[in-house]
Amino acid sequence: MSTEAAEEVTLKKAGLTGGTTGGTVIGTTAATASETTRPPGIAPGRASRRLGPRRRLGLGRPVPYGWALGPLLLLAVWAAGSATGLIDARNLSAPWTVVTTAGDLIENGRLQSNLATSAQRAALGLLFGVLGGLILALVSGLSRIAEGVIDGPVQIKRAIPSLALIPLLILWFGIGESMKVITIALGVFVPVYIHTHNGLRTIDTRYVELAETVRLSRTAFLRHVVLPGALPGFLLGMRFAVTGAWLALVVVEQVNATSGIGYMMELARTYGQTDVIIVGLVVYGLLGLLSDALVRLVERRTLSWRRTLAG
Amino acid sequence: MATHPGGLTAEAPPTTVRIRNLIRSFGDRDVLDGLDLDVRAGEFVALLGRSGSGKSTLLRALAGLDHDVTGSGELSSPDPVSVVFQDARLLPWKRVLDNVVLGLDGPDPLERGRAALAEVGLAGREKAWPVELSGGEQQRVSLARSLVREPGLLLADEPFGALDALTRIRMHVLLRRLCARHRPAVLLVTHDVDEAIVLADRVVVLARGRIGADIPVELPAPRAHGGAAYAALRERLLAELGVDPTAQEENAA
Ligand SMILES: Nc1ncnc2c1ncn2[C@@H]1O[C@H](COP(=O)(O)OP(=O)(O)OP(=O)(O)O)[C@@H](O)[C@H]1O
Ligand SMILES: [Mg+2]
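Basis of the calculations
- Residues numbered from 1 in each chain as written.
- Chains lettered and ligands numbered in written order.
- Predicted model: local features only at pLDDT ≥ 70, side-chain atom pairs only at ≥ 80, totals over all residues.
- Heavy atoms only, no water.
- Pairing = 2+ DSSP bridges.
- Helix = DSSP H or I, 4+ residues; strand = E, 2+ residues; numbered from the N terminus.
- Axes fitted to C-alpha atoms, helices over the stretch in contact; angles between N-to-C directions.
- Contact = heavy atoms within 4.5 Å.
- 1 Å grid on protein atoms, 1.4 Å probe; cavity = no way out; pocket = protein on both sides within 12 Å on 5 of 7 lines; lining within 4 Å.
- Points joined across faces, edges and corners; volume = space filled by probe spheres on them.
- Nonpolar A, V, L, I, M, F, W, Y, C, P; charged D, E, K, R; others polar.
- Buried area = accessible area lost by both parts, 1.4 Å probe.
- Salt bridge = Lys/Arg side-chain N within 4 Å of Asp/Glu carboxyl O.
- Polar contact = N/O pair within 3.5 Å; in protein donor to acceptor, adjacent residues only side chain to side chain.
- Domains from an automatic or database assignment.

1. Topic: the sheet that holds strand 1 (residues 15-26) of chain B
All names here are of chain B.
Here's step 1: The antiparallel open sheet is built from 3 strands, whose spatial order is 2-1-4. Strands with a single pairing partner mark the edges of an open sheet, and in this sheet they are strand 2 (29-40) and strand 4 (70-76). For this sheet the average axis-to-axis angle between neighbouring strands, irrespective of direction, equals 5°.
Here's step 2: By the bridge criterion, 6 bridges tie strand 1 to strand 4 in an arrangement that is antiparallel. In the sheet register, Ile 23 faces strand 4, and the bridge partner there is Ser 72.
Here's step 3: Along the sheet, helix 1 (residues 55-63) makes contact with strand 1, strand 2 and strand 4, crossing strand 1 at roughly 120°.

2. A look at the layout of surface pockets
All names here are of chain A.
Here's step 1: Of the pockets and cavities examined, the largest pocket occupies roughly 680 Å³.
Here's step 2: Lining the largest pocket are 23 residues, with Thr 205, Val 208, Glu 212, Arg 218 and Phe 221 positioned closest to its centre.
Here's step 3: Those elements that place two or more of their residues in the lining of the largest pocket are helix 6 (110-142), helix 9 (177-201), helix 10 (205-213) and helix 11 (218-255).
Here's step 4: A per-element tally of the lining of the largest pocket places helix 10 first, with 5 residues.
Here's step 5: In terms of residue class, the lining of the largest pocket is built from 10 nonpolar, 5 polar and 8 charged.

3. Overview of empty space enclosed by the protein
Here's step 1: Counted by the stated rule, this structure contains 2 cavities of 30 Å³ or more.
Here's step 2: For the largest cavity, the calculated volume is near 50 Å³.
Here's step 3: The wall of the largest cavity is formed by A:Leu210, A:Thr213, A:Val214, B:Val81, B:Ser82, B:Val83, B:Arg145, B:Ser146 and B:Arg149.
Here's step 4: At the level of secondary structure, the elements contributing two or more residues to the lining of the largest cavity comprise helix 10 of chain A together with strand 5 (81-84) and helix 4 (135-147) of chain B.
Here's step 5: If you tally residues by element for the lining of the largest cavity, the top one is strand 5 of chain B, at 3 residues.
Here's step 6: Of the residues that constitute the lining of the largest cavity, the class distribution is 4 nonpolar, 3 polar and 2 charged.
Here's step 7: A volume near 40 Å³ is recorded for the second largest cavity.
Here's step 8: For the lining of the second largest cavity, the secondary-structure elements that each account for two or more residues are strand 6 (153-157) and strand 7 (185-189) of chain B.
Here's step 9: For the lining of the second largest cavity, a count of residues per class yields 9 nonpolar, no polar and no charged.

4. What to know about the interface of chain B and chain A
Here's step 1: With 23 residues of chain B at the contact, the number on the chain A side is 17 residues.
Here's step 2: Across the chain B to chain A interface the summed buried area is about 1900 Å²; carbon plus sulfur atoms make up 64%.
Here's step 3: Looking at the side of chain B facing chain A, the largest losses of area belong to B:Arg89, B:Trp93 and B:Leu102, adding up to 32% of the total buried there.
Here's step 4: The interface formed by chain B and chain A includes 4 salt bridges.
Here's step 5: With a closest N to O distance of 2.3 Å, B:Asp87 and A:Arg206 form a salt bridge.
Here's step 6: On the surface where chain B and chain A come into contact, there are 8 residue pairs in polar contact (both at pLDDT 80 or more).
Here's step 7: Of the residues assigned to the side of chain B that touches chain A, the class counts are 12 nonpolar, 3 polar and 8 charged.

5. Some points on the domain arrangement of chain B
Residues and elements named next belong to chain B.
Here's step 1: Taken domain by domain, chain B comprises domain 1 (1-79 + 157-171 + 183-253) and domain 2 (81-150).
Here's step 2: Distance between the C-alpha centres of domain 1 and domain 2: 26 Å.
Here's step 3: Taken together, the contact between domain 1 and domain 2 spans 15 residues of the former and 11 residues of the latter.
Here's step 4: For the pair domain 1 and domain 2, the summed buried surface comes to about 890 Å²; carbon and sulfur atoms form 68% of the total.
Here's step 5: When residues of domain 1 are sorted by the area they lose upon contact with domain 2, Asp 157, Pro 159 and Met 171 head the list and together hold 39% of the total.

Next comes the structure, spelled out in structure tokens:
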């Protein structure tokens, strides 16, 4: 290998390690690199001259726990405002009040029972919505006729926010649990359908050709090519679906409910208990974060063949 | 499959691919226009032709991949037919071994798949994801996937076109060795005249929708580049392809 080429390699390595000065970097990496022939005493001077003025344009290394900075600052402002009386407790309870209220709510079991009700609604709505969206997407993705039948109505449904259907759903199903679950399911199935269908339709035709040349049966084709090919789309749809489910939940629980987190908050409003409202908001937020993290975990597990690409 | 004597010597292997009057058109343009071609069992045929001459169209017809193409003609090929594409075409969501045994039936597919991977020098990489392999390695997996089916006919459309020159030479050696062992009939499309000469028993040139030239390669076995016979053959093939300046005018159509 020529000296020029060797230096190129070393420079690249040095560039990757970032902040350290040229001399030390060359000294350490040259020893580990394959080009051991070059005397380390000569090149560092040249290399550091070329390295010196190079400016980093990227963002640099991530700050550890950097994501917590903003929320902590917000919390600090909130606490300071409450302590100094700048924030009126009737508008926004102090953080410590919220914490003790949360403790009380847990102690007397109100939080848990309401949370259980809410979680059950969301889970049922999610289940039916995802199943419906998935099945419709598969059917319409695999048959031109079925696509003609299914796709149009779904696109129309997509244009109508499912929350706008609540009055109609109340007339049809009353104000019981089924209305709530159906509203959530309606909000969930659209993104699942759209993204799964899109995933199916964008499967590379080259893979279809391959399946033909190795003579896959129809079922084997579904199993080995179609379903794995549509999985990324489906999981993306799932992430939207989960968010949509919580959103729909909030609305149905504040419109007509006698239990659930939303009901608890609605009740608190009539008594002016901002601390309870905040507890409800925090619970909603945590549920949203948790479920999104769950979907992403599943995504990482099942799409590990892509993770290697993304690094 | 029946033998077609066709005036050849008694010990010649039977014809395994037989194409007569094959026509394939896109719009009102006949890309293949009454093409005839025979390939014998175990014979390695390289298919040359200028870009757009219809090489891929012919290969896709043989592979049965031309569903929506209008055309006619008589076409018989052995069973099974394997295809090696220019891209390795591995399913990215399947590990290497699962790609090799995709759709493979018969006894012990996994064991046969492992053996095929070992044959192409990838023993130990069974559990790798396709993205973790280099281009050359991916193409070797694709070769393993084709050969594990013991095809009567191996179709390859510029299989090494995307590889660097060094890797390509290695793949030539590998392909020759594999073909010597498994003896499929091979139809290899290539742009590379040297590749055709090094690999093939016979080179056919596609021009104006038909086989324009059909030239046996009679060079001794390790075919290194160079030598008078090699150079003469190379020049002749280039002329058939219209690269020779003196031949340019008549082929320009
Ligand atoms: N699906 C298609 N629709 C319309 N025309 C096509 C289609 N496929 C091929 N053709 C035309 O048929 C002709 C032959 O194409 P083909 O792909 O067989 O060429 P080729 O010899 O393989 O070329 P190359 O060496 O560049 O791969 C080209 O002119 C091309 O434009
Ligand atoms: Mg082609």
